[in-house]
Amino acid sequence: MSKSEVLKLLDYDKYFQLTKQNLPTETKQFLEKMAQDDLVVKQDVGTYKITFLGAILFARDIQDIQTVSRKTTRVIKYVGNNKAKRENEKDGTKGYATGFEGLIDYINTLLPKNEEIQKAFRVETKTYPEVAIREFVANALIHQDFSIDGAGPLIEIFDNRIEITNPGIPLIDIDRFIDHPPRSRNENLASMMRRFGFCEESGSGVDRALVSIELFQLPAPKFETYDNFTRITLLAPLSLNQMAEEDKIRACYQHCVLKYLTKTERMTNTSLRDRFGIPESNYPAASKII
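Residues numbered from 1 in each chain as written. Predicted model: local features only at pLDDT ≥ 70, side-chain atom pairs only at ≥ 80, totals over all residues. Heavy atoms only, no water.

## Examining a nonpolar patch on the surface
Together, Val211, Leu215 and Phe216 line one region of the surface with nonpolar side chains, adding up to about 300 Å² of accessible area. Positionally, phenylalanine 216 belongs in the loop between helix 8 (204-215) and strand 9 (222-225). Given the relative accessible area of 39%, phenylalanine 216 is considered partly exposed. (Patch = residues over 30% accessible without salt bridge, like charges linked within 9 Å, V, L, I, M, F, W, Y side chains within 5 Å. Areas by Shrake-Rupley, 256 points an atom, 1.4 Å probe, with all protein chains shown as cover. Salt bridge = Lys/Arg side-chain N within 4 Å of Asp/Glu carboxyl O. Helix = DSSP H or I, 4+ residues; strand = E, 2+ residues; numbered from the N terminus. Buried < 20%, exposed > 50% of the residue type's maximum accessible area, 1.4 Å probe, protein only.)

See the structure below:
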């Protein structure tokens, strides 16, 4: 297609903003810069092709580009804890880089919040740490299997949990998500999303997300794989007595790995009590979980 057709479909303003470059003075320089990042490819006859990478990241309207139109991100908010009734449903319209911040903001508006009284003022506190939401949503976008037709990332919000699902099974064992070096079937996409600051470098994002979940004293997230998709479930606050045995064991395992990765610490009865908010007088409860 022509230069003007490409610039009509791709949000070049957002590209230059995210890459921290000044807008060029000439139109042809817009595409020359974008070609350096493999977002477009110049043809011998002077026209251009938009690459899959360029379309999935910077489409102004993802529905306008047929090859990526089925890879939109869907967000569904349900009433209660099951799928019987939908309260809100929305499909993303922009490329992943163009629309990422808006996607996170939209998800946050749908999440439940807690009210606390502080010095006679009501203060809203978030149920889930934003760093965890950002990292796990970014991972769903980045690590999906694009060869699976007709499916894109899905974020489902219930009263008691958030489920983040992406097409494809991971390249590493789910029990090693925390400590394994990063691997992605979409390296160029992963590299650019990290470059834009949407997720962490060197696989540290999952660690950081889990640390934030521990600070909120939430149940440990579940990592699950199925025939052709991967799901991460974030659970709303539960007291220790409300947690199932598998929830306690999973939290203990993740806490143990996080401590081990510091190279200087190890999980102890004290550290696990801090993780769960168990009083010192009830140290046998932590010992039993360990």
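What follows picks up the thread again.
## Notes on the environment of arginine 273
Structurally, the position occupied by arginine 273 is in helix 10 (residues 269-276). Remark: the alpha-carbon pair of arginine 273 and threonine 165, spanning 108 residues in sequence, is separated by 31 Å. Excluding its chain neighbours within four sequence positions, the residues that come into contact with arginine 273 are Ile278, Pro279, Glu280, Tyr283 and Ala286. At a separation of 2.7 Å, a polar atom in the side chain of arginine 273 contacts the side chain of asparagine 269. (Contact = heavy atoms within 4.5 Å. Polar contact = N/O pair within 3.5 Å; in protein donor to acceptor, adjacent residues only side chain to side chain.)

## Thoughts on the sheet that holds strand 3 (residues 74-78)
Reading across the sheet, the six strands line up as 4-3-7-8-10-9 and stay open at both edges, with mixed pairing between neighbours. Single-partner strands in this sheet number two, and they are strand 4 (86-91) and strand 9. On average, each strand axis in the sheet is inclined to that of its neighbour by 15°, with strand direction left out of account. With five bridges joining them, strand 3 and strand 4 adopt antiparallel strand pairing. Counterpart to arginine 74 in the pairing with strand 4 is aspartate 91. Contacts between helix 6 (residues 130-142) and the sheet are confined to strand 7 (154-157), strand 8 (161-167), strand 9 and strand 10 (229-235), with strand 8 contributing the most and set at about 25° to the helix. Across the sheet, helix 9 (residues 245-261) touches strand 9 and strand 10, and the angle it forms with strand 9 is around 100°. (Pairing = 2+ DSSP bridges. Axes fitted to C-alpha atoms, helices over the stretch in contact; angles between N-to-C directions.)

## Regarding helix 10
Most of helix 10 is tucked away, with six of its eight residues classed as buried. All buried positions along helix 10 are accounted for by Asn269, Ser271, Leu272, Arg273, Arg275 and Phe276.

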